[in-house]
Amino acid sequence: MIRRSFNDGWSYRRKPDAFQALLGRANDGWEAVRLPHDAMVCRERDGSDAEAGHRGYFPADGYEYTKTFFVPVEYRARRVTLEFEGVYRHARVYLNGDLAGQCASGYSTFRVRADHLLRYGADNEVRVEARSQDDSRWYSGGGIYRDTSIIVADLLHLALDGVRVTTPVVDDDLAIVVVATEIQNESAVTRTVEVASEIVDADGEVVARDVAPVTVFPGDEAVLRQRLTVVGPRLWGVEHPYLYTCRTTVTAGSDRLDEQATPFGIRSLTVDARRGLRINGEPVKLRGACIHHDNGVLGAATIDRAEWRRVEILKQAGFNAIRSAHNPVSRALLDACDQLGMLVMDELSDVWTRSKSAHDYADDFAGQWESDVRAMVTKDVNHPCVVFYCIGNEIPEVGTAPGAVLGRRLAEKVRELDGTRFVTNAVNGLLAAGPDLFSVMAGGGTGSAEKPSADAASTGDTTGDVNDLMTRFREFMPTLMTSEIVTTRTAESMAYLDVAGYNYLDSRYQLDRTLFPNRVIVGTETYPSDIDRNWRLVQDNSHVIGDFTWTGWDYLGEPGIGRVEYQSDPEASAGAMLGHQGPYPWLAAWCGDIDITGHRRPASYYREIVFGLRAEPFIAVHRPERYGEPVRLATWWSWSDSLASWSWDGREDKPVRVDVYSAADEVELLVNGRSVGRAPAGEKNRFIAAFDTVYEPGELTAVAYADGHETGRMSLRSATGDVRLDVTVDRARITADDRDLAFVAVSLVDAEGNLYNTADRRVVVEVAGPGVLAGFGSADPRSEENFFDTIRTTFDGRALAVIRPTAPGAITVTVTADGCPPVAARLEAVPASRAEEPR
């Protein structure tokens, strides 16, 4: 079997209407692109379209892609398949003008058999149509945004995804590796072949081997199961993600008919309410990050290096688990998680049969869910990083009997396909309980000492999406979620899960230990500001196996749900005042520990301290121009309006608030060596020591003390003198293919490298050599600039350019800005055979 990338040679345009062909414009507007490609992020945003707000005010549209490719005559005796890992959405694939296949989901891998429509010894045309609508609660992107492949197989071949590796027995002395291999015979004769399975370690040594004959009738398939023993196995885990490879070869005499290499890990999984989650017998608490699928300045384009980099940064920030909110993740991200040691909760869908947007996947789910489940499980099954399958997110139906029936069918279908992982569902009690919950609240039946009087509960106004409702009732939510209605409405839907997923239900953790003593809970979605309290609950309760924050990485769409608004800010729309999405030009959610460029925000370091992974304190300086100003709006997903900088030109001798995050007993703050004072910190004080002082340029230092002894310190220095450009490339050597990228960080600094966060200006990037600018932007959540111009304005002194190689050779990236000497960075794109560095 030959699998080749099919990403090159495409052209794209907005899909024209049928009348354009009659007007002679059927071939207008095409633009050459290399896949993966996001068609939506290229469009101008429209602030007048309120329905586009969820998408970051990007317009929905129809998209069309075309490619011409040559098919040799000898392929007539083979089988040709086109594979699409993700097309958003309602993809239809045409070969030489005829419909060859389609897929309603924007996230499922699908394949198109091409043989019956191909022209052999000639050029062929493939055309893909897709359309996005008001069909998502976040930025979806559009078009062919994940990888494509062309697969050519002989008539007798390994089935696609036909090698499955499991490790049912694992201990220190040996592991039993079971390899299930499916052989398909599309020839007209019976064939008997030999199938060899070899287990190869990371050094290339064969540690186990088995060979067996297999007879396959014409038009039939056969599954061979081989049990191999690996002595002294190296186990896959979060800290030591050791990978083996199963090398499968199909031969007939001296002819090699097919072969495949399948990476896998040897590891065991158990979970129970007394001992929690254990991997290889060792307890693991999940330090989880929810993430959406977009890649910031690249839009939704899923290029391998971007996925790898994201996992690298999340791991460095202290996370050990990712939840794919709210759709199946890419193969590239799973590969990165396998190799870097990141656990994965892969999620099926945000909707089942009840819509959350006007034209979302609820229109298709009932007829497509089985194929979607199969696609997700088939993709995941050999990846040791995948520990959970999550069958839904905040599904309203789970509080009904029909919803419970559907959920059980979903769970059982997953188990039928893969019984080695755990099934969960991210349940929101507010949605599951439905309107009856508000009736109880309005009547005072929650047990709360107080109830709202002139709000939506008492007026019966429960309109708006779930984020609106949760913001309206924020102070009552913890008590509301312990209602008996929530208990009864979710009981059946929780019962068929291996692990119960709780979205914002942390007030039930200890209650449900009593009510449901065998229930294992994971916080599938929690507020970032509650991590200290939630992590204590995770640590103190064996039945609570982890916490997933919303969100680990900032994302496009749901604009401004984590924003902070001050009294002097312009009045926002009524919807924005309720705390959900921000008005145009808000673009990003602004609720991630890590911003859309991959830079860690203060919340990330706070979380690292709460997790017990950072001994040094961290300084977060509130923007001094806002000192003392009343906050009009801070949502449940907001963090403080602060950053790690002591450069505030124009604010000299003005008051400023400084937060120091620390697990130590107390913290001392010093300005230019002079003590401002000491303040208690540690868990009893929510890990924050707060100081009010006056901005004085120089050095700001925080020193942490435990039992009177210094445990760590951090310093920030003011930027002085001329503003300079600092240009840093993440890797000097990249692979010249369609899967690699170079990330170029641009910062405004002084001669000593101190950040000039108050000197923002327009920056210009020029690329020379075999590379193109794939994306250029900043973390500014309100920017009106796009990601594909060569000019962008920095935000808090930073911007990010992403370079995509087009061929081997030297690439030079030159950065200029007003008042700064130009800076050039050089990198080399090498052929794949010479690339040695991991992505």
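Structure's up top.
Each chain carries its own residue numbering, running from 1 in the direction its sequence is written. Side-chain atom pairs in this predicted model are given and counted only at pLDDT of 80 or more, local residue features only at pLDDT of at least 70, and totals for whole chains, interfaces and linings cover all residues. Water and hydrogen atoms play no part in the side-chain values, which are based on all heavy atoms of the structure.

1. Examining the overall build of the chain
So, point 1. Where helices and strands are cited, they refer to DSSP runs of H or I of at least four residues and of E of at least two residues respectively, numbered from the N terminus. A count of helices and strands for the chain gives 15 helices and 49 strands.
So, point 2. In this treatment the radius of gyration is a C-alpha quantity, and the globule benchmark scales as 2.2 Å times the residue count to the 0.38 power. A compact globule built from 839 residues should have a C-alpha radius of gyration of about 28 Å, and the chain, at 28 Å, falls within 12% of that.
So, point 3. Along the longest, intermediate and shortest principal axes, the C-alpha atoms of the chain span 85 × 65 × 60 Å.
So, point 4. Relative accessibility under 20% of the residue-type maximum defines a buried residue, over 50% an exposed one, and the middle range a partly exposed one, all with a 1.4 Å probe and only protein chains included. Scored against the burial criterion, the 839 residues of the chain give a buried share of 60%.
So, point 5. Any two residues whose heavy atoms approach within 4.5 Å are treated as being in contact. Long-range contacts, defined here as pairs at least 24 residues apart, represent 72% of the contacts in the chain between residues at least 6 apart.

2. Quick word on the packing of helix H13 (residues 531-540) against helix H15 (residues 602-610)
So, point 1. Every axis in this analysis is a line fitted to C-alpha atoms, fitted for helices over the stretch in contact. Angles between the N-to-C directions lie between 0 and 180 degrees. With their axes 10 Å apart at the nearest point, H13 and H15 run at an angle of 25° to one another. Considering the angle they form, H13 stands roughly parallel to H15. The crossing of H13 and H15 is right-handed. Residues Ile 531, Asp 532 and Trp 535 of H13 touch H15, and the partners they reach there are Tyr 606, Arg 607 and Val 610.
So, point 2. Grouping the constituent residues of the contact of H13 with H15 by class yields four nonpolar, no polar and two charged. Angle categories: roughly parallel below 35 degrees, roughly antiparallel above 145, roughly perpendicular from 65 to 115, and oblique for all the rest. Helix crossings fall into two classes, left-handed where the near helix is turned counterclockwise from the far one by less than a right angle and right-handed where it is turned clockwise. When residues are grouped by polarity, Ala, Val, Leu, Ile, Met, Phe, Trp, Tyr, Cys and Pro land in nonpolar, Asp, Glu, Lys and Arg in charged, and all others, Gly among them, in polar.

3. Digging into the pattern of salt bridges
So, point 1. A pairing counts as a salt bridge when a side-chain nitrogen of Lys or Arg comes within 4 Å of a carboxyl oxygen of Asp or Glu. Enumeration according to the criterion identifies 66 salt bridges in this entry.
So, point 2. Residue Glu 198 is joined to Arg 209 by a salt bridge in which the shortest nitrogen-to-oxygen separation is 2.8 Å. Linking Glu 198 in strand E15 (residues 191-200) with Arg 209 in strand E16 (residues 206-216), this pair joins segments that are 11 residues apart in sequence.
So, point 3. Among the residues examined, Glu 198 registers a relative accessible area of 15% and is labelled buried.
So, point 4. The shortest N-O distance in the salt bridge between Asp 730 and Arg 305 comes to 2.9 Å. Of this pair, Asp 730 sits in the loop between strand E41 (724-729) and strand E42 (733-735) while Arg 305 sits in helix H2 (residues 304-316), and the two are 425 residues apart along the sequence.
So, point 5. Taken together, the salt bridges that share partners define one network made up of Arg 13, Lys 15, Glu 64, Arg 92, Arg 127 and Glu 129.

4. Re the environment of Asp 760
So, point 1. Within the secondary structure layout, Asp 760 lies in the loop between strand E43 (742-749) and strand E44 (762-768).
So, point 2. Residues Asp 760 and Glu 475, 285 residues apart in the sequence, show an inter-C-alpha distance of 38 Å.
So, point 3. If sequence neighbours within four positions are ignored, Asp 760 has contacts with Leu 748, Thr 794, Phe 795, Asp 796, Gly 797 and Arg 798.
So, point 4. Under this definition, polar contacts are N or O atom pairs within 3.5 Å; protein pairs additionally need one hydrogen-donor-capable and one acceptor-capable atom, and for neighbouring residues in sequence, both atoms have to be side-chain atoms. Polar side-chain contacts of Asp 760 include one of 3.1 Å to the backbone nitrogen of Asp 796.
So, point 5. Separated by 2.7 Å, the side chain of Asp 760 and the backbone nitrogen of Gly 797 make a polar contact.

5. So, the sheet that holds strand E20 (residues 269-272)
Pairing between the strands of a sheet is mediated by backbone hydrogen bonds and can be parallel or antiparallel.
So, point 1. Should DSSP find at least two bridges between two strands, the strands are taken to pair. In spatial order, the strands read E20-E21-E22; together these three strands make up an open sheet with antiparallel pairing. A single partner strand is all that each edge strand has here, and the edge strands are E20 and strand E22 (282-283).
So, point 2. Taken together, the four bridges between E20 and strand E21 (residues 276-279) define a ladder with antiparallel strand orientation. Within E21, the position partnered with Thr 270 by the bridge is Arg 278.

6. Observations concerning the packing of H2 against helix H3 (residues 331-340)
So, point 1. Closest axis-to-axis distance for the H2/H3 pair is 8 Å, and the angle between their directions is 40°. If you check the angle between H2 and H3, you find them oblique. Note that H2 runs across H3; the crossing there is right-handed. Across the interface between the two elements, Asp 304, Glu 307, Trp 308, Arg 310, Val 311, Glu 312 and Lys 315 from H2 touch Ala 332, Leu 333, Asp 335, Ala 336, Cys 337, Gln 339 and Leu 340 from H3.
So, point 2. A per-class count over the contact of H2 with H3 returns seven nonpolar, one polar and six charged.

7. Some details on the packing of aromatic side chains
So, point 1. The criterion for an aromatic pair is that two Phe, Tyr or Trp rings (for Trp, the six-membered ring) have centres within 6.5 Å, with stacked assigned to planes under 30 degrees apart, edge-to-face to planes over 60 apart and tilted to the rest. Across all of its chains, the model carries 29 aromatic pairs by this definition.
So, point 2. Aromatic side chains Tyr 504 and Tyr 527 sit 4.3 Å apart centroid to centroid with 35° between the ring planes, which places their arrangement in the tilted category. Remark: Tyr 527 occurs in the loop between strand E29 (521-526) and H13 and Tyr 504 occurs in the loop between strand E28 (500-503) and helix H12 (509-515); sequence separation between them is 23 residues. Taken individually, Tyr 504 and Tyr 527 each receive the classification buried, so the pair is uniform in this respect.
So, point 3. Linked through ring pairs, Tyr 605, Tyr 606, Phe 618, Trp 639, Tyr 661 and Phe 687 together constitute an aromatic cluster.
So, point 4. For the cation-ring pair, Lys 67 lies above Phe 6, with the distance from its terminal atom to the ring centre recorded as 3.8 Å. The criterion is that NZ of a Lys, or CZ of an Arg, lies within 6 Å of the ring centre and within 35 degrees of the ring normal, and then a charge sits over that ring.

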